[in-house]
Amino acid sequence: MVVDIKSLGWGIFFKRQLIESEKTYYPARISRQNTNNYILLSEKGSSIGILPSKFKEGFKGQLPTVGDWVLVEDVEDMEPDKVTIQRILERKNLLSRKEIGEADRQQLMAANIDRVFIVSGLDGEFNPRKIERYLLLCWSLDLQPAVILNKKDLVKNSKDAVNQVKTISGDTPILCLSALNKMGISSLIQYMKPGSTSIFLGSSGVGKSSLINLVMGEETFKTGAVRTKDSKGRHTTSFRELVLTPHDSVLIDTPGMREIRIWSPDINMNRFQDILALAQRCKFNDCSHTSEPGCELKLAEENGIVSSTRLNQFKRLMNESLQNEFGNQKKY
Ligand SMILES: Nc1nc2c(ncn2[C@@H]2O[C@H](COP(=O)(O)OP(=O)(O)OP(=O)(O)O)[C@@H](O)[C@H]2O)c(=O)[nH]1
Ligand SMILES: [Mg+2]
Ligand SMILES: [Zn+2]
């Protein structure tokens, strides 16, 4: 298999990082993280990447994650498809979350993402609050989301659901699809520009792998019926994996997530610059924007300049980032 590296997402941002002394290395992209090695994709096709010990003992940086570009080197006395990972190239962006169960650890999910597809079912799974949570995650990381409402075949009318999502999603594209009936798949593919990387996120059973299989034109990933009686073993996809589509773009399938927590040190408020500017004009420096006199945000809300929904989203994100700065203290 010979692969055009541009289809894998390679471009000037990464090329600029190459240096003369690393001439014998070549770039590869992390497709999958196994317990003891990585599956990589490069111009040469698929290979197995081994992490040298410099990444292990006392290593303070981050380890490679799915979507990362790494520089690798063929090692002669190794098997032909094995390479060593020498360096992680600087990332365009990083999708991570706060690990569930652990107090304060960042879990890396994927790197170098152009589009996050937030997938929800239109059936019983439909939950605007959950979609909003994913939207906040994307916005806090400056990642571009699109909402997919799948399983359209199961409902007579999807308008209400679309309208509910519209109230919380701003200018985010919303796609109503059915993986079962292959409805809307060509419009989905239009979002996957050649050389771009998209990741599918959402609860287990919403149809992430089914949709990806349709884009791939073949059964790339296992899909499965959701067991409703017990929640054990209901996850069909159990690891993140990056694949090259026949449309010269890259997709990442992920296991369904029950909960998504934002890793607060990474939060940026770019989407809420207008609200931040207004908040600076509040009468009190430590205004909580709830009931204080002279609160500019309250005023803007009353005058319809800022919608209650956006104000709420702003407060929730601020709260997440303050939790990081001041422990668990809540300001909003
Ligand atoms: N009726 C209907 N069923 C669908 C649709 N898309 C997927 N399914 C079914 O939903 C079930 C779950 O689909 P998957 O694609 O495995 O879901 P997933 O999001 O990848 O789930 P995890 O891998 O567990 O996170 C399967 O039985 C699919 O056949 C759809 O558009 N309509
Ligand atoms: Mg799956
Ligand atoms: Zn205020």
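Predicted model only: the values in this text are computed from it and were never measured.

**Description of the overall build of the protein**
For the protein, the count of helices and strands is 8 helices and 13 strands. A compact globule built from 332 residues would reach a C-alpha radius of gyration of about 20 Å, and the protein, at 22 Å, matches this within 12%. Seen along its three principal axes, the alpha-carbon backbone of the protein occupies a region of about 75 × 50 × 40 Å. In the protein, which comprises 332 residues, the proportion classed as buried is 35%. For the protein, the share of sequence-separated contacts (at least 6 apart) that also reach a separation of at least 24 residues comes to 62%.

**Some thoughts on the site of ligand 1**
Gly207, Ser209, Thr223, Thr237 and Gly256 are the nearest of the 24 residues found near ligand 1. In the shell around ligand 1, the residues fall into 7 nonpolar, 14 polar and 3 charged.

**Some thoughts on the domain arrangement of the protein**
Split into domains, the protein comes out as domain 1 (12–88), domain 2 (94–253) and domain 3 (269–325). Look at where the C-alpha atoms of domain 1 and domain 2 centre, and you get two points 28 Å apart. Ranked by residues supplied to the side of domain 1 that touches domain 2, first place goes to strand 1 (residues 26–33) with 3 residues. Tallied by class, residues from the side of domain 1 that touches domain 2 come to 3 nonpolar, 4 polar and 3 charged.

**Focus: helix 2 (residues 128–140)**
The terminal C-alpha atoms of helix 2, which comprises 13 residues, lie 18 Å apart, in line with the 18 Å expected from a rise of 1.5 Å per residue. Buried residues of helix 2: Ile131, Glu132, Tyr134, Leu135, Leu136, Leu137, Cys138, Trp139 and Ser140, and no others. Taken from the residues just after helix 2, aspartate 142 is the one with a positive phi, measuring 60°.

**Section: the nonpolar core**
One finds Ile118, Ile199, Phe200 and Leu211 to be the most contacted residues of the largest nonpolar core, which totals 72 residues. Here isoleucine 118 is in contact with Ile131, Tyr134, Leu135, Pro145, Val147, Ile148, Leu201 and Gly202, once residues within four sequence places are set aside.

**With respect to the packing of helix 2 against helix 3 (residues 159–169)**
Contact geometry for helix 2 and helix 3: axes closest at 10 Å, N-to-C directions at 35°. When the axes of helix 2 and helix 3 are compared, the crossing they make is right-handed. Contact residues: helix 2 offers Pro128, Ile131, Glu132 and Leu135, while helix 3 offers Gln164, Val165, Ile168 and Ser169. The class makeup of the residues in the contact of helix 2 with helix 3 is 5 nonpolar, 2 polar and 1 charged.

**Comments concerning unusual backbone geometry**
Although it is not a glycine, aspartate 248 adopts a positive phi angle of roughly 60°. Position of aspartate 248 among the secondary structure elements: in the loop between strand 12 (241–244) and strand 13 (250–253). We note that histidine 289 has phi near 55°; this positive angle belongs to a residue other than glycine. Tracing the backbone shows histidine 289 in the loop between helix 6 (273–279) and helix 7 (296–302). According to the C-beta neighbour criterion, histidine 289 is buried, with 22 such atoms within 10 Å.

**Overview of the pairing of strand 2 (residues 38–42)**
Along strand 2, 4 of the 5 residues are buried, which leaves the element largely enclosed by surrounding structure. The pairing of strand 1 with strand 2 spans 4 bridges and is classified as antiparallel. Counterpart to glutamine 33 in the pairing with strand 2 is tyrosine 38. Linking strand 1 back to strand 2 in an antiparallel pair, the connection comprises 4 residues. With 5 bridges joining them, strand 2 and strand 3 (residues 45–50) adopt antiparallel strand pairing. Bridge pairing in strand 3 places isoleucine 39 opposite isoleucine 48. Count of turn residues in the strand 2/strand 3 antiparallel hairpin: 2 residues.

**Brief notes about the environment of valine 250**
Within the secondary structure, valine 250 sits in strand 13. As a C-alpha pair, valine 250 and glycine 67 span 183 residues in sequence and 9.2 Å in three-dimensional space. If we skip the residues at most four places from it in the chain, valine 250 touches Leu8, Gly9, Thr197, Leu242, Leu244 and Thr245.

**So, the environment of asparagine 303**
Along the chain, asparagine 303 falls in the loop between helix 7 and helix 8 (308–325). Using a count of 8 C-beta atoms within 10 Å as the deciding quantity, one classes asparagine 303 as exposed. Along the chain, asparagine 303 and threonine 290 lie 13 residues apart, while their C-alpha atoms are 15 Å from each other.

**Observations regarding helix 3**
Of all the positions in helix 3, only Ala161, Val165 and Ser169 are classed as buried. Along the axis of helix 3, the buried positions cluster into a sector of 60°, meaning they face one direction only. Within helix 3, the exposed residues directed more than 90 degrees away from the buried face are Lys159, Asp160, Asn163 and Thr167. Lining the buried residues of helix 3 we find helix 2, strand 9 (145–150) and strand 10 (174–176). One or two steps after helix 3, the chain reaches glycine 170, where phi turns positive at roughly 60°.

Reading the values: the criteria
Residues numbered from 1 in each chain as written. Chains lettered and ligands numbered in written order. Predicted model: local features only at pLDDT ≥ 70, side-chain atom pairs only at ≥ 80, totals over all residues. Helix = DSSP H or I, 4+ residues; strand = E, 2+ residues; numbered from the N terminus. Rg over C-alpha atoms; globule rule 2.2 N^0.38 Å. Buried ≥ 20, exposed ≤ 12 C-beta atoms within 10 Å, placed from the backbone. Contact = placed C-beta atoms within 7 Å. Near = placed C-beta within 6 Å. Nonpolar A, V, L, I, M, F, W, Y, C, P; charged D, E, K, R; others polar. Domains from an automatic or database assignment. Expected span 1.5 Å × (residues − 1). Core = buried A, V, L, I, M, F, W, Y, C linked by C-beta atoms within 7 Å. Axes fitted to C-alpha atoms, helices over the stretch in contact; angles between N-to-C directions. Left-handed = near helix turned anticlockwise from the far one by under 90°. Pairing = 2+ DSSP bridges. Arc of directions from axis to C-beta.

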